[in-house]
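Structural description and commentary
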Amino acid sequence: MAAPARVFAFRDARWAPDPVLEPGAAVRSPQPAPLVIDNGSFQTRAGWACPDPAVPAEPLLRFRSLAARSRGARGGAGAETQVGNDLGSPEPLRWLLRSPFDRNVPVQLELQELLLDHGCVDHPIVLTEAVCNPLYSRQMMSELLFECYQVPKVSYGVDSLYSFYHNRRQNWPCSGLVISSGYQCTHILPVLEGRLDAKNCKRINLGGCQAAVYLQRLLQLKYPGHFAAITLSRMEEILHEHSYVAQDYIEELQKWRCPDYYENNVHKMQLPFSNKLLGSTVASEEKQEKKQQQLRRLQELNARRREEKLQLDQERLDRLLYVQELLEDGQMDQFHKALVELNMDSAEELQSYINKLSLSVEQTKQKILQSEVNIEVDVVDSKPETPDLDPLGSEQSLEDVESINEFEPLFAEEQPEVEKPVAAVQPVFNLAEYHQLFLGTERIRAPEIVFQPSLIGEDQAGIAETMQYVLERYSKEQQAILVQNVFLTGGNTMYPGLKARIQKELLEMRPFQSSFQVSLASSPVLDAWYGARDWAVEYMNREEGWISRKDYEEKGGEYLKEHCASNVYVPIRLPKQAPRAAEAPSRASGTGNPSEQP
């Protein structure tokens, strides 16, 4: 029995512009509430960390970390900058889109300022940053926050560690192995006793962005006729709603070779199309009637234009004749003034223009009369003609008719065939099915790149190999502690089957009969913001983890106060130069007075 057709339409959702939100009284008194900003490379989320139940405990702003600056029209307004949800849809502006991130590190601070303008105020700020964030990036971010927005204090933390902090299942501090896969990168983070072990962190430069680009290339090669319709936005929609991670990739590919399995599991994505793409299927009489209508419209349009031209030429001719009458009446002053207005030099030039206009007016009148005659002739000729009846046909005898019928087979090939009515043209294929994308093995090939980067030509290790490499850097006792809390977070971990795949990989690399535990974040996308909010509410009145303006001015923008979800601060150590004052006596003692030498 055939499975029901699984046809899905692309939503192509447009982003609604964000509302303008003013800070309420609850976040301003008795003290300013911290503003939590999850500064992700895919999406920025901002909201208040306030214990007051009147303030929503969820991000109030969620927008893509993109900006587009148009050049503006000529002679019109200047360049216009659109940020986040104000873009509406990214595809028409794809070539103008800019992101402040290189991988997951903000490097374009001008664009970062545009994103912060969207939701930053002069309140304490809790901001997420990348794992092992470069000091220069943090320095520029601190300078932007303290100098441009005049924030009183700021705290930096790692998004995946905030998510780990929010989903802690036992008393804090706890240990675990955090696997964070986002839009640009995937990280393996070992956490021992509640603190990040930065020396053994590993990064894989693959995430949801590379999976979307890989899926786009696969489908564009498969359907070259729909090259322009296969956009990155639609590929992201397919990844979010139709892809999954195979527990055994090779075995899953073998299943897809079975026709029954393919028919039962293939997803058909319907592209938008129009029935007008096919040629008209009307009969020949209707086509002829449409041609006649178009011809009549063109004739009416030409007649209208001739009448307008005749009217203009007649007005100009009357004007020139009036000037000529001034010459004949002897009014020379008015005549010369009129010639200047007409941009003419002499009476001969005036007479030449009068002759040309008179000829043009006569020709136009003749064309109008001729067109009216042609229309009347067409109307008369369009009447159906009645065929003449043969007066002798009624006098033919029955014998003559029978003799003619005997010779009909001899002349059958020479008789012209009667024209048959043209039937309506039927399409030879289903237009809707032609505009469908069949998703078979593509559903598992795109998410597989984080386990096998060689599929897209990347010379990197996958999640399983990197996870094993990190575990082998610890003792067996520490390994047993880490695998008891393997935590998955990030938007790229929401594929169905990813948790089972990680469990299978751990089962293969761990010793026989050893135990391990894999858990998925309750909300892999938003738990980083929720964890940052939990930390901000708990440490709101403490100094731990907060960088004040005084710390910024004394210790520099790269300074970081560590806390349970932060990076490890490694200050800049410049090599000390030897003092030149100590070198001067040694040079003097070595040189001596030349007169004292023998």
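Just so it is clear, the model here is predicted, and its values are computed rather than measured. (Residues numbered from 1 in each chain as written. Predicted model: local features only at pLDDT ≥ 70, side-chain atom pairs only at ≥ 80, totals over all residues. Heavy atoms only, no water.)

A look at the environment of isoleucine 502
The topology assignment puts isoleucine 502 in helix H16 (residues 498-509). When the C-alpha atoms of isoleucine 502 and isoleucine 463 are compared, they prove to be 8.6 Å apart, with 39 residues separating the residues in sequence. Beyond its immediate chain neighbours, meaning those up to four positions away, isoleucine 502 contacts Ile179, Phe451, Ile463, Met467, Val486, Leu488 and Val518. (Helix = DSSP H or I, 4+ residues; strand = E, 2+ residues; numbered from the N terminus. Contact = heavy atoms within 4.5 Å.)

Section: the packing of helix H1 (residues 109-117) against helix H2 (residues 135-148)
Contact pair H1 / H2: the axes reach a minimum separation of 11 Å and the direction vectors enclose 45°. Considering the angle they form, H1 stands oblique to H2. Remark: the crossing between H1 and H2 carries right-handed chirality. When H1 is examined against H2, the residues Leu109, Gln112, Glu113 and Leu116 are found in contact with a partner set consisting of Met140, Met141, Leu144, Leu145 and Cys148. Residues belonging to the contact of H1 with H2 are distributed by class as follows: seven nonpolar, one polar and one charged. (Axes fitted to C-alpha atoms, helices over the stretch in contact; angles between N-to-C directions. Parallel < 35°, antiparallel > 145°, perpendicular 65-115°, else oblique. Left-handed = near helix turned anticlockwise from the far one by under 90°. Nonpolar A, V, L, I, M, F, W, Y, C, P; charged D, E, K, R; others polar.)

As for unusual backbone geometry
Look at the link from serine 29 to proline 30: it is a cis peptide, with omega at 0°. A positive phi angle, close to 55°, is found at cysteine 132, a residue other than glycine. Topologically, cysteine 132 is positioned in the loop between strand S10 (125-129) and H2. Taking relative accessible area as the criterion, cysteine 132 reaches 45% and is therefore assigned partly exposed. (Buried < 20%, exposed > 50% of the residue type's maximum accessible area, 1.4 Å probe, protein only.)

Some remarks on the pattern of salt bridges
Counted by the stated rule, this structure contains 18 salt bridges. Where glutamate 508 meets lysine 504, a salt bridge forms, and the shortest distance between an N and an O atom there is 2.8 Å. Of this pair, glutamate 508 and lysine 504 both sit in helix H16, four residues apart, roughly one helical turn. Using a relative accessible area of 54% as the deciding quantity, one classes glutamate 508 as exposed. For the salt bridge of aspartate 551 with lysine 561, the shortest nitrogen-to-oxygen distance reads 3.4 Å. Placement of aspartate 551 in helix H18 (residues 549-555) and of lysine 561 in the loop between H18 and helix H19 (583-591) is noted, with a sequence separation of ten residues between them. Because the salt bridges share partners, they merge into one network encompassing Arg11, Glu237 and Glu241. (Salt bridge = Lys/Arg side-chain N within 4 Å of Asp/Glu carboxyl O.)

Regarding the pairing of strand S18 (residues 486-489)
Where burial is concerned, the two faces of S18 agree: the one with Val486 and Leu488 and the one with Phe487 and Thr489 are both buried. In the sheet, strand S12 (residues 176-181) pairs with S18 via four bridges, with the strands oriented parallel. In the sheet register, leucine 177 faces S18, and the bridge partner there is valine 486. As judged from the three bridges shared by S18 and strand S19 (residues 518-520), these two strands associate in the parallel manner. Each residue of the ladder has a partner; that of leucine 488, found in S19, is leucine 520. Between the parallel pair S18 and S19, the chain is carried across by H16, and the sense of this crossover is right-handed. (Pairing = 2+ DSSP bridges. Right-handed = clockwise from strand over helix to strand, strands pointing away.)

Comments concerning the packing of aromatic side chains
Enumeration according to the criterion identifies nine aromatic pairs in this entry. For the ring pair tryptophan 256 and tyrosine 262, a centre distance of 6.0 Å and an interplane angle of 80° mean the geometry is edge-to-face. For the ring pair tryptophan 535 and tyrosine 539, a centre distance of 4.9 Å and an interplane angle of 15° mean the geometry is stacked. On the basis of relative accessibility, which here comes to 0%, the residue tryptophan 535 falls in the buried class. Taken together, the ring pairs in this structure connect Trp256, Tyr261 and Tyr262 into an aromatic cluster. Its end group placed over the ring of phenylalanine 10, arginine 234 keeps NZ or CZ at 5.4 Å from the ring centre. (Phe/Tyr/Trp six-rings, centres within 6.5 Å; stacked < 30°, edge-to-face > 60°. Lys NZ or Arg CZ within 6 Å of the ring centre and 35° of its normal.)

A few points about helix H3 (residues 159-166)
Where burial is concerned, most of H3 is hidden: six out of the eight residues are buried. Along H3, the positions that sit buried rather than exposed are Ser160, Leu161, Tyr162, Ser163, Phe164 and Tyr165.

Don't take any of this as a statement about function, it's just geometry.
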